[in-house]
2 protein chains.
Amino acid sequence: MTARGDTRARPPLKARRAAALPDRVARSAAASAGESADGIRKWLRQRREQASFAVDRIPFEALEDWSFAPGTGNLVHRSGRFFTVEGLHAVIGEHPDQEEWQQPVIVQSEVGILGILAREFDGVLHFLMQAKMEPGNPELLQLSPTVQATYSNYTKVHQGASVRYLEYFTDPSRGRVHSDVLQSEHGAWFHRKRNRNMIVEATGPVPEHEDFRWLTLRQIHELLRHDNTVNMDARSVLAGLPVRSTPYALHSDTELLSWLAVRRAATPIRSERIPLAGVSGWKRGEFSIDHEDGRYFRTVAVSVRASNREVGHWTQPLIEPRGQGVVAFLTRTFQGVPHVLARARAEGGSTDVELGPTVQCQPGNHAHLPAANRPRFLDLVTTAPPSRIRYSALHSEEGGRFLDSVSRYLILEADESDAPLDAPPGFQWVSRDQLAALTRYSHYVNVQARTLLLCLNALEDGV
Amino acid sequence: MTARGDTRARPPLKARRAAALPDRVARSAAASAGESADGIRKWLRQRREQASFAVDRIPFEALEDWSFAPGTGNLVHRSGRFFTVEGLHAVIGEHPDQEEWQQPVIVQSEVGILGILAREFDGVLHFLMQAKMEPGNPELLQLSPTVQATYSNYTKVHQGASVRYLEYFTDPSRGRVHSDVLQSEHGAWFHRKRNRNMIVEATGPVPEHEDFRWLTLRQIHELLRHDNTVNMDARSVLAGLPVRSTPYALHSDTELLSWLAVRRAATPIRSERIPLAGVSGWKRGEFSIDHEDGRYFRTVAVSVRASNREVGHWTQPLIEPRGQGVVAFLTRTFQGVPHVLARARAEGGSTDVELGPTVQCQPGNHAHLPAANRPRFLDLVTTAPPSRIRYSALHSEEGGRFLDSVSRYLILEADESDAPLDAPPGFQWVSRDQLAALTRYSHYVNVQARTLLLCLNALEDGV
């Protein structure tokens, strides 16, 4: 217990929290200068026109280098790289409420980097956004993070073309990290998929490139008002920006974490991978693997031609959801503190229960059910009068894995009559700041809730 | 964006953080009144003598209600309850550093409650500790949480005998929750095992029972100086008590989380369950399943007789490690702020990389290796002069699943020559307060590090 003189060791200690950052983020969100959203969208259109892109559906047998593995029937790439489509035996919860089903699932255990580079210009933080094509995107080209790199990309295991600006995310000496966390992605379609979501502020000059633009958070917030413009990866990463935080909420942080612990204990996720060939309830055709009742999603194959990607032509499988989704937060503001009604979500491919939106579903999957068995609040959300709608836009999920996976993202004002303070089972009121704080940790806020959090931040910042 | 009058909704908001709690915890840790550690240990001995316990090794075929399932060879209970012993195909990391092996593993996906009830007496927080027998404990009976309940116990699915004091942990109206989080347990022996670690402060009187004692944190800290006295569950739960926190550290919280994100991305855990019968490198005998080289652990069976448990006699499998473990933190104090040298640990049965001790191993497993291939800092820790040793005691792991799983837990003072500021790859300096703050979230601090954190808290509080 003697200190041995080491207490005199005086390396410079750092503040554990970057106190000034939330204010700097707020300043960027309030910045009024710079090009309009229309101008930036015009630039995106131009980038789209300057390259030529074609995405065509093809039969599985026309896939190059991809095939159904003998035995398992898993859809795999010859190199063993990228991802596989396998089967999932999903088991969630405890008896008597246990749910169990089988489905195809994308397996991609490599952890990639989704990185946004920041830099201050004239005292205002800007973010380097990329105009990037992904074959499954409705508009093909959307506003993306500075870097989207697979683990193989960034460790150069496969000696591929280097990813532009990647060095800022792999070499700590080039900047200051503002957030860095492994975030989960869609548990309905991925098996335990995670990516590193990073924001790094460059400390020196950054070279320009025609596919990239420096935008303020205000500009990005405005672009979020437009359909299919800001891609999922960008939304997920930007949701990790710290906000000015209120130390009061309807429930204390401990109460919130305790509520989540109850949900996690009650609905453990016991899912296991199984061979795709053995998945029951799904049938494989020439062009797609479909659910027997035509619900949920299909697995398809596409051929892609692009003039501005490292590789000009390739083929790949994609997951194509059946019909448009609805993703919504009900919000209420208590004594000036904004809150959302979060739902604890256990998804088949997830590692753990996470906080998700109030409503997150494809209504078509539930249309055959009696009204009482459809997702809670879905009716409220889809029939809300315009006066209740604080935010509404279409956004698509990751275009490298999902084809036309579009959902209407909504933020709706609620009141005691439709969303009472005493939240129904499985739901809880969470302040915006509590949700934001939890994005610093893995497996607390799901990918759809991260998009809505970013949109809510835009609203709170007055866009 | 209109507020619709809801901003005038004025439910009472709460402070997100319980600001007074760390001071109340510190007061309990400084409380000098009450019975001595020797007196409490005498009570433990008396409880042991008043009941009669016998634990005997038996051949697998003498197990009652347990058997090797046809086909898989998994060791299962007839009821499907409790746990199973299955196989694990462990795959960790990325090429070229990927590691892969097979082993038996305990599968228990139910999430139990480990709960400690707190109450203030004369202005000082006390904790209700139980004298509890577990068949694998070296002393059989140790100081345990108020409640150790499986999910079946606490949801009464199986109509078993009720667990004493359980209602404080399932009915929020009976107390105030101070911590509640699903914490991982040993990734070397369990497949994704987690328990809810809870501390609840009772708001009303609590009935007495002869197997339970109210102890101050000071008394518990003193008991931690004694071998095999405070059980693993109690250590794990108490590590979640909030400490008075310093806002400065060698690395900012974001830098620390970013370092962990790098490790998590580099060493994804891809392990899958496999049939126990198919595990390679292990052989099943009459009394045990052993590693071919006699390393790591064995799976054995025991018969238990106890006069004071709900069930007076039962048989069960246990995991028995080969040889004593070493678990140690190297510590340094920078400008008065205590730090530990944490190691990012990826274990075969874990969900994710977590912060672990500087050293955590069974030296016997590495004795056959050249010195350079043995765990880093193991030599330093096992040969440290007494002047360096701040803390040393033997503690055992969970006695309901592990037989004589004893490790020497050490906290050692280090300096620049043996543990430089610039930590070696895979290691990082983490302040005590940063480690404590991370115990609020799942999968950040492993179970061995939680024990050491509690011991370090005791040291910092002057015990």
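None of the values given here were measured: they were computed from a predicted structure.

About the criteria used
- Chains are numbered independently. Their residues run from 1 in the order of the written sequence.
- Chains and ligands are labelled by the order in which they are written, letters from A for the one and numbers from 1 for the other.
- Reporting in this predicted model follows two pLDDT cut-offs: at least 70 for local features of residues, and 80 or more for side-chain atom pairs to be given and counted; totals over whole chains, interfaces and linings ignore these cut-offs and use all residues.
- Excluded from the side-chain calculation are hydrogens and water; included are all heavy atoms of the structure.
- Each helix corresponds to a stretch of at least 4 residues labelled H or I by DSSP, and each strand to a stretch of at least 2 residues labelled E; elements are numbered beginning at the N terminus.
- Only protein chains enter the accessibility calculation, which uses a 1.4 Å probe; a residue is then buried when its area is under 20% of its type maximum, exposed when over 50%, and partly exposed in between.
- We call two residues contacting when some pair of their heavy atoms lies within 4.5 Å.
- Each accessible area value is a Shrake-Rupley result obtained with a 1.4 Å probe; residue values ignore everything except the protein chains displayed when judging cover.
- Here the quantity called buried area is the accessible surface, traced with a 1.4 Å probe, that two parts lose on coming together, added over both.
- A side-chain nitrogen of Lys or Arg and a carboxyl oxygen of Asp or Glu constitute a salt bridge if their distance falls within 4 Å.
- Any pair of N or O atoms that falls within 3.5 Å is considered a polar contact. Within protein, one atom must be able to donate a hydrogen and the other to accept it, and sequence-neighbouring residues count only if both atoms are side-chain atoms.
- In this document the domain limits rely on a domain assignment from an automatic tool or a database.
- Definition of nonpolar core: a set of buried residues of the types Ala, Val, Leu, Ile, Met, Phe, Trp, Tyr and Cys, connected through side-chain atoms within 4.5 Å.
- For two strands to be treated as a pair, DSSP must find at least two bridges joining them.
- Alignment of the copies relies on least squares applied to C-alpha atoms, considering only residues that score at least 70 for pLDDT in both.
- When two cysteine sulfur atoms are found within 2.5 Å, that pair is recorded as a disulfide.

Next up on the list: the overall build of chain A. Within chain A, the secondary structure is distributed over 10 helices and 27 strands. Projecting the C-alpha coordinates of chain A onto the three principal axes gives extents of approximately 65 × 60 × 55 Å. Considering chain A as a whole, with its 463 residues, one finds that 62% of them fall into the buried category. Of the contacts made within chain A by residues no fewer than 6 positions apart, 73% connect residues no fewer than 24 positions apart. Just so you have it, chain A exposes about 17500 Å², and 48% of that area is on carbon and sulfur atoms.

What follows covers the interface of chain A and chain B. Between chain A and chain B, the contact holds 82 residues from the first and 82 residues from the second. Interface area for chain A against chain B, summed over the two sides, is near 7000 Å², with a carbon-plus-sulfur share of 49%. At the junction of chain A with chain B, the criterion picks out eight salt bridges. Here Glu272 of chain A makes a salt bridge to Arg273 of chain B, at a shortest N to O gap of 3.0 Å. Counting across the interface, chain A meets chain B through 30 residue pairs in polar contact (both at pLDDT 80 or more). Ranked by the residues each element gives to the side of chain A that touches chain B, the list is headed by helix H7 (residues 253-266) of chain A, at 10 residues.

All names here are of chain B. Applying the stated criterion to the full structure yields 62 salt bridges over all chains. A salt bridge links Asp418 to Arg388, with the nearest nitrogen and oxygen atoms 2.7 Å apart. Placement of Asp418 in the loop between strand S26 (406-413) and strand S27 (427-431) and of Arg388 in the loop between helix H8 (378-382) and strand S25 (389-396) is noted, with a sequence separation of 30 residues between them. Here Asp418 falls in the buried class, since its relative accessible area comes to 16%.

Another aspect to go through is the side chain of His251 of chain A. Counting through the fold element by element, His251 of chain A comes out in the loop between strand S15 (248-249) and H7. Overall, His251 of chain A belongs to the buried group, its relative accessible area being 17%. Among the polar contacts made by the side chain of His251 of chain A, one reaches the side chain of Gln428 of chain A at a distance of 3.1 Å. Setting aside its immediate chain neighbours within four residues, His251 of chain A contacts Gln428, Trp429 and Gln434 of chain A together with Lys14 of chain B.

Residue and element names in this part refer to chain A. Burial analysis of helix H1 (residues 21-30) places seven of its 10 residues in the buried class, which makes it a mostly covered element. Of all the positions in H1, only Leu21, Pro22, Arg24, Val25, Ala26, Ser28 and Ala29 are classed as buried. Of the surrounding secondary structure, the elements contacted by the buried residues of H1 are strand S7 (112-121), strand S8 (124-133), strand S11 (175-184), strand S13 (194-202), strand S14 (212-216) and helix H5 (217-223).

Here the focus is the domain arrangement of chain A. Residue and element names in this part refer to chain A. You can read the domains of chain A as domain 1 (21-54 + 109-238) and domain 2 (253-270 + 323-460). The interface of domain 1 with domain 2 comprises 32 residues on the first partner and 40 residues on the second. Taken together, both faces of the contact between domain 1 and domain 2 bury some 3100 Å²; the carbon and sulfur share is 49%. Counting the contacts that link domain 1 with domain 2 gives one salt bridge. For Glu397, the salt bridge goes to Arg235, with nearest N and O atoms at 3.9 Å.

With 138 residues, the main nonpolar core has Phe127 and Met129 of chain A together with Phe127 and Met129 of chain B as its most contacted residues. Once residues lying within four places of it in the same chain are set aside, the contact partners of Met129 of chain B are Trp43, Ile116, Leu143, Ser144, Asp211, Phe212, Arg213, Leu215, Ile220, Ala234 and Leu238 of chain B.

Let us look at the environment of Glu255 of chain B. Structurally, Glu255 of chain B is set in helix H7 (residues 253-266). Those residues in contact with Glu255 of chain B that lie beyond four places of it in its chain are Lys14 of chain A together with Leu250 of chain B. For Glu255 of chain B, the side chain forms a polar contact with the main-chain nitrogen of Ser252 of chain B, separated by 2.9 Å.

To continue, consider the pairing of strand S21 (residues 325-334) of chain B. All names here are of chain B. Among the 10 residues of S21, 10 are classified as buried, and the element is accordingly described as predominantly covered. Burial along S21 is two-sided: Gly325, Val327, Phe329, Thr331 and Thr333 and Val326, Ala328, Leu330, Arg332 and Phe334, pointing in opposite directions, are all buried. As judged from the seven bridges shared by S21 and S26, these two strands associate in the parallel manner. Counted as the bridge partner of Gly325 is Ser407 from S26. Where S21 lies against strand S22 (residues 337-345), four bridges are found, and the strand directions are antiparallel. Pairing of Arg332 across the sheet is with His339, part of S22. A loop of two residues connects S21 with S22, the two strands running antiparallel in sequence, and Gln335 in this loop sits at a positive phi of about 50°.

Here we come to the relation of the copies chain A and chain B. The two copies are related by a screw motion: chain A maps onto chain B through a turn of 180° and a shift of 0.0 Å along the axis, at an RMSD of 0.0 Å. Such a combination of rotation and displacement between the chain copies is what one expects of a two-fold axis. Mapped onto chain B, 100% of the interface residues of chain A again fall at the interface, so both copies present the same surface.

Another aspect to go through is the side chain of Asp253 of chain B. With respect to the helices and strands, Asp253 of chain B occurs in helix H7. Residue classification places Asp253 of chain B among the buried residues on the basis of a relative accessible area of 11%. Within the structure, Asp253 of chain B has its side chain in polar contact with the side chain of Arg16 of chain A (distance 2.9 Å). A polar atom in the side chain of Asp253 of chain B sits 2.9 Å from the side chain of Gln434 of chain B. Once residues lying within four places of it in the same chain are set aside, the contact partners of Asp253 of chain B are Arg16, Arg17 and Arg440 of chain A together with Gln434 of chain B.

Attention now moves to the environment of Gly281 of chain B. Residue and element names in this part refer to chain B. Secondary-structure assignment places Gly281 in the loop between strand S16 (272-274) and strand S17 (282-284). Judged by its relative accessible area of 21%, Gly281 is partly exposed. Sequence separation of Gly281 and Leu355 is 74 residues, and the distance between their C-alpha atoms is 29 Å. The contacts of Gly281, once residues within four sequence positions are left out, are Asp290, His291 and Glu292.

All names here are of chain A. For the coordinates displayed, the defined rule picks out zero disulfides over all chains. Cys455 supplies the cysteine sulfur nearest to Cys361, a cysteine that is in no disulfide, at a spacing of 17 Å. With relative accessibility at 11%, the residue Cys361 sits in the buried group.

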